[in-house]
Structure formats: C-alpha cells, structure tokens
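Below, each chain spelled out in residue letters.
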Amino acid sequence: MRRTAGLAALAIAATAAALPLTTASTAQGAPAAGRADVVQGALAALQRHPGAARSADGQAFVAGSTLVDPDGSTHVRFDRTLDGLRVVGGDLVVHRDAAGGWDGVSQTLDAPLTVDTDATLAKATATRTVLARNARTAAVRGDDRAEARELVVDATGATPRLAWEVVTGGTQADGTPSRLATYVDARTGEVIRSEQQVVNVDGQGQTLYSGTVPLQVSGSGSSYRLEDATRGGTYTTDMKNAEDSIFCQIFGAGCSAGTTFTSTSTTFGNGQASNRSSAGADAQYGSNVTWDYFKAVHGRNGIWDDGRGSFNRVHYGNGYVNAFWDGSKMTYGDGDGVDFGPLVSLDVAGHEMTHGVTENSANLTYSGESGGLNEATSDIFGTLVEFHAANANDPADYLIGEEFDLKQHAGFRRMDRPSADGSSLDCWSSSAKDVDVHYSSGIGNHFFYLLAEGSGAKTIGGVTHSSTTCNGSSVTGIGRDAAARIWYRALTVYMTSGTTYAGARTATLDAARDLYGAGSAQHGAVAAAWSAVSVG
C-alpha cells in the first residue's frame, strides 16, 4: 500500500478515550479532567494545519504527555503511525497559545511520509540478517537470541523507509547487557542502522562517599526494608553479583529484580564496601536526591511524572565497571575494587535516572547527534543533582565520576573541557554524528558549562575549571539555575526523538524566549554559548 504526501485529512481518533495519555501532567500541567480537552484541541489544530505534520493518507496520532504553561499555553506530544505502523522518529509536539491559537510544531521529520507499507522481506529473513551481522561485531557478544519484534516506518534518516525492528540480546564490550535494536529495510533487506537500548555511563566506575545521609525506609520493630513510600515506593535491591539473561535483555521479561535490602534497624550499611548494604544506601540516596531535584526545581513528579517510583539494583555482575538504565530501573556494578569502586555516586545516580526522564519526554534516539544530546542531558542533570545535594562529602563540580576514581579522583568526563579525556568533543563538526554518543555529548556539556558558568578560569567545588571557546569569544554565564530551567524546558517542550545539535540550539532559544523573553540577556547568552561550541 503506497502512501504519498498530500493535504488529506489527518486520521485522528474520534474520542479522547481512544488517545491514551501515557504521562501525567506536571505541577504546571493540565488537570486530569482537562487533559482530554487539551489533546482534542491540539488534534484539531493539526487537522487545520496538515502540512505542519507532514501529512499523508493513513496517518494517525497517539497523544502522550501534556503541559500547560502558567499563561495557559499548551504543548502536547504525539507519536505517529502510518497504516497502523509505528513511525520511529515521527514524534512531534503541538504548541498552542493561551487563546488556543496555533503556535507551531516541534518535529524532526523533514519530509512528508511517502512509504510503501507492504513488506516484501520476510520477518525470519530480517532476523537471520541481523544475527549474521552481529556475529561479526565485536561490540556485542553472545547474540544467540533475536526477535524481529515489529514492522515500523523508520523516519530517522533523510528518506523514511519501511523496516523490521529486530532486537538482539548479548553483552557489550564493557560487560553491560545489550538490547540492540537493528532496523532492516523490509523491501531490500539492507541494514539501515542499529540503536543500543540499554544506555549507560561510559566510564570506569565509582564509589559513593556521601557520609551519613537521611533515608526514608519501610517497616517497623526489628524488620526494615530499603524502600521509600514518600518517593513513589522507590526501593533498592542486591543482585548478589548475578547478571541478566539473554531472554531478559531481548524481551524485558523474566529479569531478576534482586533481593530488597533489609535491616534489623533503621540503619543500612556502615560506610564500608565490605557491608553490601552500604552500596545499597548510596544508590537509594542518589535516587532520592534526583527525585527531589526534579520535583523541587522543575515540578516533575518522578521519572514518569506521575508519582511512580523506580528501583535500583546494586552489586551487578563480577568486576562490572559501569552502570545502566534499561527503561525501567537503574543498575550499578561494583567496579574492579582496585582502581574503581561501586558506581553509586551522586552524579552517576542522577545521570542514570535522567535517562529515564529523557526517555519519557523527548525520547532522544540513542545514536548520532540525538544520542550525544541524550548523554549530555544525563551529564547535565547528574551534575545539577550533585549541586542540589550540597553534600560536604562530595563537593559539587563539573567533573563526572570523580568519586569512583579511587586513584586519580579526576573522573572520566568533565564539562568545562570535554576533550581532556582524549576522546570527547569540545566543538561541533559535521562528523559529530559518527562519534560514540558518550564522546559527542561533549558538545552539549561544553555548551551548558559555558551557558551556566561562562568562559575563563574559576574554582568550583575545590576544583580548578577553565573553559575556552571554539570561536575565540568570551562568554558570560547566566548561572546554573537559569541554564537548568532553559535546558529542561527545551527537553520537555521542544526536543523530539531525532533532535540534532542544530535543533537543540533552536529548542533552547525557544525555551529561553519563553522563560525570559526574546532579546533578554539569557536569550542572547544561549545563542552565544552555542556559537562558542560551533553550533550555528
């Protein structure tokens, strides 16, 4: 069935009940009773502006999160389908002003959908193609199971294509579990691209040394659990050095949750690695502070913005020097015990939990420039969580992972000079899309540091920082609070799954305009900071 561009009416579900709202509103969002009206208004606006949604016959939209600004302006996220098939990279945000007038759309789908949705390549053939390909790839080991889960329209490239999404399990080179989604052209059999769906912090590990910290626990008498009812029931478990199975990695089912930490008193751990509960207390503290940061500063009620908590797994694997977010929980390795300790420091906890926030807002694709922005977002908010905690045992700075670095205490990334690690990018270039996302994140990290702190030398958290610019300019910072508000609004209101660095410039300028006004000092600083890292 061939679908071509045109001004055909958009296929829109007739009732709000047919439009699942997957994310509850924030404190600034629409009341539950009013979300249906907001969604229907946005859908009606799309119908009046079909060209804005790259319209095509057979196209439909499913509503996600809604946000209502204090002035009454609304922003509604939609996922797109074509002939009932999910359009990867087809998500968009519809913006309307306080009077309900059209205020534009944020999306990264540049061309109208012109796709034949009849597959000529068999599902089993696509699966065999991916298995043969991954068997020759050193980045993933143990791909003995695969599943062609879904026929989709892949709109992440210049030309949308019908594709089989094939998911393989295995192990990444550093020991992190792998859930690799590979897209195979459903007509030609060509492998289009692959995307890692288990996202992690690409470093050497860390140990948390936050001293004695307050924790909310559950239970009474002489039986307590490391579970916090005040933060959505967030809890922490001991994996006892077990790892996930291939079946778990591919299907997300049958995974081990670990054993929830218990204690005969309200105290968990003793500050020593020999006590398994110590790492558990660190992970719980990190998720608590991250929860509190997003709620206090951005009005976000947990990862899903609906009050639900997630959970942490610690002591994953043997000598595993990493941590990861897999779509539902945070998992931390113990490090090697010599150079690196358990990966449960504040900035890493904030980093991993932020991957969940990103997945449930802009959902930045974890490859190319959008993948770099995904990682940068986690570094940015992981760092801001560290500042928010104001913990004297872990003074806040712009180093990522300095606490787990037992010998150097230098961390594995830094935001003022990303290239100091020998791999990260300080400045954007056309090749940034081809760089590992942990290293292309340096562009976004450098931008944020310049926006918040400015260029030049200064001491922060007892650490000397010094940031230069790519164009020889001097940048004056606007402070962390303003920079954080701008990035969060850009992420949740204007960025979509395929946003590039050029798109991030536009998104943050729009966010700064909304928050501080066009032509304000903050608006000008955003433009200057992006230019300073060669974006725009």
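Residues numbered from 1 in each chain as written. Predicted model: local features only at pLDDT ≥ 70, side-chain atom pairs only at ≥ 80, totals over all residues. Heavy atoms only, no water.

A. Seen up close, the packing of helix α6 (residues 368-389) against helix α9 (residues 501-516). Running from N to C, α6 and α9 cross one another at 50°; their axes reach a closest spacing of 9 Å. Viewed along their axes, α6 and α9 adopt a mutual orientation that is oblique. Contact residues: Glu 369, Gly 372 and Leu 373 in α6; Tyr 501, Ala 502 and Ala 504 in α9. Its residues assigned to classes, the contact of α6 with α9 comprises 4 nonpolar, 1 polar and 1 charged. (Axes fitted to C-alpha atoms, helices over the stretch in contact; angles between N-to-C directions. Helix = DSSP H or I, 4+ residues; strand = E, 2+ residues; numbered from the N terminus. Parallel < 35°, antiparallel > 145°, perpendicular 65-115°, else oblique. Contact = heavy atoms within 4.5 Å. Nonpolar A, V, L, I, M, F, W, Y, C, P; charged D, E, K, R; others polar.)

B. Fine view of the nonpolar core. Tyr 332, Phe 447, Phe 448, Trp 487, Met 495 and Trp 530 are the most contacted members of the largest nonpolar core, which totals 77 residues. Examining the composition of this core, we find that 9 residues originate from one element, helix α8 (residues 480-494), more than from any other. Setting aside chain neighbours within four positions, we find Phe 448 in contact with Ile 380, Leu 384, Met 415, Arg 480, Ala 483, Ala 484 and Trp 487. (Core = buried A, V, L, I, M, F, W, Y, C linked by side-chain atoms within 4.5 Å. Buried < 20%, exposed > 50% of the residue type's maximum accessible area, 1.4 Å probe, protein only.)

C. Summary view of the state of the cysteines. In the structure shown here, the tally under the stated rule is 2 disulfides. Here Cys 248 is linked by a disulfide to Cys 255, with a sulfur-sulfur distance of 2.0 Å. Here the disulfide of Cys 248 and Cys 255 is right-handed, its torsion about the S-S bond being about 100°. Given a relative accessible area of 27%, Cys 255 falls into the partly exposed group. For Cys 427, the disulfide goes to Cys 470, at an S-S distance of 1.9 Å. Disulfide Cys 427-Cys 470: the torsion about the S-S bond is -90°, which places it as left-handed. Of this pair, Cys 427 sits in the loop between β24 (413-414) and α7 (437-453) while Cys 470 sits in the loop between β26 (463-467) and α8, and the two are 43 residues apart along the sequence. Regarding the disulfides, the protein carries the connectivity 1-2, 3-4 under sequence-order numbering of its bonded cysteines. (Disulfide = S-S within 2.5 Å.)

D. Region of the structure containing the side chain of Asp 116. Along the chain, Asp 116 falls in strand β7 (residues 115-116). According to the relative accessible area criterion, Asp 116 is buried, its value standing at 19%. Separated by 3.0 Å, the side chain of Asp 116 and the backbone nitrogen of Asp 118 make a polar contact. (Polar contact = N/O pair within 3.5 Å; in protein donor to acceptor, adjacent residues only side chain to side chain.)

E. Spatial organisation of the sheet that holds strand β14 (residues 218-220). Read from one edge of the open sheet, 3 strands run β14-β15-β19, paired in antiparallel fashion. In the strand order of this sheet, the two ends are held by β14 and β19 (262-263), each with one partner. (Pairing = 2+ DSSP bridges.)

F. Representation of the pattern of salt bridges within the structure. Applying the stated criterion to the full structure yields 24 salt bridges. Where Asp 185 meets Arg 161, a salt bridge forms, and the shortest distance between an N and an O atom there is 2.9 Å. Pair noted here: Asp 185 is in strand β11 (residues 177-185) and Arg 161 is in strand β10 (residues 161-172), with a separation of 24 residues, a long-range link. You can call Arg 161 partly exposed: its relative accessible area is 23%. We note a salt bridge from Asp 244 to Arg 313, for which the minimum N-O separation is 2.9 Å. (Salt bridge = Lys/Arg side-chain N within 4 Å of Asp/Glu carboxyl O.)

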